[in-house]
Amino acid sequence: SDLASTTASSPKSKEDQVVNGHDEKENNPFAEYMWMENEEDFNRQVEEELQEQEFLDRCFQEMLEEEDQDWFIPSRDLPQGMGQLQQQLNGLSVGDGHASEDILSKSNLNPDAKEFVPGVKY
């Protein structure tokens, strides 16, 4: 029985040194849970961080909306009929030059006339 009491008082095996899953040498086995000691402070800090993030998100959203208002977007900013007119204008193309020759041959303007310059008297 003396032998049993000596082994119990001085553990030599690895299993005997571990108590509740932690080494005896470890300072505080509950260190990872110590934040719970000041749970109110921790909750307040987390809430402040969440509110700050929400505030930043709202600021960015407002900034993007203001920026969108500054840009000219035809589909949004023009009246509805203007969209059709714009599509028609986009469909127009410059001719290959034959149409301009027809216009010049039918014209009754003087090709030798002086160029008109505003404000200059001839």
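Note that this is a predicted model, so its numbers are computed, not measured. Throughout this description, residue numbers start from 1 for each chain and increase along the sequence as written. With the structure being a predicted model, the display of local features is reserved for residues of pLDDT at least 70 and the display and counting of side-chain atom pairs for 80 or more, all residues being used for whole-chain, interface and lining totals. Hydrogens and water molecules were not included; the side-chain quantities draw on all heavy atoms of the structure.

Trainee: Which residues make up the pattern of salt bridges, and what values do they have?
Mentor: The rule for a salt bridge is simple: a side-chain nitrogen of Lys or Arg has to be within 4 Å of a carboxyl oxygen of Asp or Glu. Overall, the coordinates contain two salt bridges when judged by the stated rule. In this structure, D41 engages R44 in a salt bridge whose closest nitrogen and oxygen atoms are separated by 2.6 Å. Placement of the pair is D41 and R44 together in helix α3 (residues 39–70), with a separation of three residues, close to one helical turn. Judged by its relative accessible area of 47%, R44 falls in the partly exposed class. We note a salt bridge from E54 to R58, for which the minimum N-O separation is 3.3 Å. You can see E54 and its partner R58 sitting in helix α3, four residues apart, about one turn around the helix. The exposure class assigned to E54 is partly exposed, which follows from its relative accessible area of 48%. Take R58: its relative accessible area is 44%, and that puts it in the partly exposed class. Note on conventions: DSSP H or I runs of at least 4 residues are helices, E runs of at least 2 residues are strands, and numbering of each starts at the N terminus. Only protein chains enter the area calculation, which uses a 1.4 Å probe; residues under 20% of their type maximum are buried, those over 50% are exposed, and those in between are partly exposed.

Trainee: Got a sec to walk through a nonpolar patch on the surface? Specific residues and values, please.
Mentor: Nonpolar side chains collect at one region of the surface, where F30, Y33, M34, W35, M36, F42, V46 and L50 lie side by side and expose about 780 Å² of accessible area between them. Checked against the element boundaries, F42 lands in helix α3. Relative accessible area serves as the criterion here: at 34%, F42 is assigned to the partly exposed category. Here the term patch refers to residues with relative accessible area over 30% and no salt bridge, with like charges joined within 9 Å and nonpolar side chains (Val, Leu, Ile, Met, Phe, Trp, Tyr) within 5 Å. Surface accessibility follows the Shrake-Rupley procedure with a 1.4 Å probe radius. Residue values consider only the protein chains on display as shielding.

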